[in-house]
Amino acid sequence: MRSEKNKVMRTKEQILDRNGFDFEAFKFENEYSAKNLLLAMDEYSEQNCEQLQNLFTQPTEELKPLEDLYRKENPHPDGKFYLPDTTAFYNWIRVKLLGF
């Protein structure tokens, strides 16, 4: 994956062009296939976005019960709901699971 600062989002057509595929010429000769090619690119992109989203949300869902227990053992002084500080929360998990 490329890590460029201020990366510009490119259109599907620009990405194809950057990879040596003359989309306009292809579209001129195969209008229906060109449309389907772009739809397939959208589907592939959505699939990847869903996978990335799962990579971030699944651990959060798995840790939710521990987060609730952490809040129970470490209540906020004013009794309000809060999101635990990540460092303190992971240190608490380490102590709970490993005992040190």
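Owing to the predicted nature of the structure, the values given are computational and were not obtained by experimental measurement. (Residues numbered from 1 in each chain as written. Predicted model: local features only at pLDDT ≥ 70, side-chain atom pairs only at ≥ 80, totals over all residues. Heavy atoms only, no water.)

Visitor: What exactly am I supposed to notice about the side chain of Arg 71 here?
Guide: Turning to its location among the elements, Arg 71 is positioned in helix α3 (residues 31–73). In this structure the side chain of Arg 71 is engaged in a polar contact, spanning 2.7 Å, whose partner is the side chain of Asp 68. Apart from residues no more than four positions distant in its own chain, Arg 71 is found in contact with Lys 64, Phe 81, Tyr 82, Leu 83 and Pro 84. (Helix = DSSP H or I, 4+ residues; strand = E, 2+ residues; numbered from the N terminus. Polar contact = N/O pair within 3.5 Å; in protein donor to acceptor, adjacent residues only side chain to side chain. Contact = heavy atoms within 4.5 Å.)

Visitor: Even after reading the chapter, I still don't get the pattern of salt bridges, so can you show me in this structure?
Guide: If charged atoms from side chains of opposite charge come close, those side chains can pair. For the coordinates displayed, the defined rule picks out five salt bridges. With its nearest N and O atoms 3.0 Å apart, the salt bridge here joins Arg 71 to Glu 67. Note that Arg 71 and Glu 67 are positioned in helix α3 at a spacing of four residues, about one turn of the helix. Taking the relative accessible area as the measure of exposure, Arg 71 reaches 9% and is therefore buried. Here Glu 67 falls in the buried class, since its relative accessible area comes to 16%. With a shortest N-O distance of 2.9 Å, Glu 73 and Lys 96 are connected by a salt bridge. (Salt bridge = Lys/Arg side-chain N within 4 Å of Asp/Glu carboxyl O. Buried < 20%, exposed > 50% of the residue type's maximum accessible area, 1.4 Å probe, protein only.)

Visitor: Would you mind going over the packing of α3 against helix α4 (residues 86–98) with me for this structure?
Guide: A pair of packed helices is characterised by two quantities: the angle between their axes and the separation of those axes. For the pair α3 and α4, the least separation of the axes is 11 Å and the interaxial angle reads 95 degrees. One way to sum up the angle between α3 and α4 is to call them roughly perpendicular. Along its contact with α3, which presents Leu 63, Leu 66, Glu 67, Leu 69, Tyr 70 and Glu 73, the element α4 presents Ala 88, Phe 89, Tyr 90, Trp 92, Ile 93 and Lys 96. The residue inventory of the contact of α3 with α4, partitioned by class, reads nine nonpolar, no polar and three charged. (Axes fitted to C-alpha atoms, helices over the stretch in contact; angles between N-to-C directions. Parallel < 35°, antiparallel > 145°, perpendicular 65-115°, else oblique. Nonpolar A, V, L, I, M, F, W, Y, C, P; charged D, E, K, R; others polar.)

Visitor: I tried to follow the nonpolar core on my own but got confused; where do I start?
Guide: Within soluble globular proteins, side chains that are nonpolar generally end up buried alongside one another. Formed by Tyr 70, Tyr 82, Phe 89, Trp 92 and Ile 93, the largest nonpolar core amounts to five residues. Among the elements that line this core, the one with the most residues is α4, at three residues. In contact with Trp 92, other than residues within four places in its own chain, are Leu 66, Leu 69, Tyr 70, Glu 73 and Asn 74. (Core = buried A, V, L, I, M, F, W, Y, C linked by side-chain atoms within 4.5 Å.)

Visitor: Would you mind showing me how to read the confidence of the model for the protein here?
Guide: Detailed reading of the predicted coordinates is not advisable wherever pLDDT is low. Here the protein shows a mean pLDDT of 90. Residues at 70 or above account for 95%. Averaged over each element, pLDDT in the protein is lowest for α4 (89) and highest for helix α2 (residues 23–29) (95). (pLDDT = per-residue confidence, 0-100.)

Visitor: Teacher, can you tell me more about the packing of aromatic side chains here?
Guide: Here the distance between the centres and the angle between the planes together describe a pair of aromatic rings. On inspection of all chains with the given rule, the structure shows five aromatic pairs. Arranged with centres 5.6 Å apart and planes meeting at 80 degrees, the rings of Tyr 70 and Phe 89 form a pair that is edge-to-face. Of the two residues, Tyr 70 sits in helix α3 while Phe 89 sits in helix α4, which places them 19 residues apart along the sequence. One exposure class covers both Tyr 70 and Phe 89, and it is buried. (Phe/Tyr/Trp six-rings, centres within 6.5 Å; stacked < 30°, edge-to-face > 60°.)

Visitor: It is not clear to me how α3 should be interpreted in this structure. Could you clarify?
Guide: Think of an α-helix as 3.6 residues a turn; residues three or four steps apart then line up on the same face. Taking 1.5 Å as the rise per residue, α3 with 43 residues should run 63 Å; its terminal C-alpha atoms sit 63 Å apart, in good agreement. The largest bend in α3 amounts to roughly 45 degrees and is located at Lys 64, with the proline Pro 65 lying one to four residues further along. As for α3, its buried residues are in contact with α1 (12–18), α2 and α4. (Expected span 1.5 Å × (residues − 1). Bend = angle between axes of the 7 residues up to and from the residue.)

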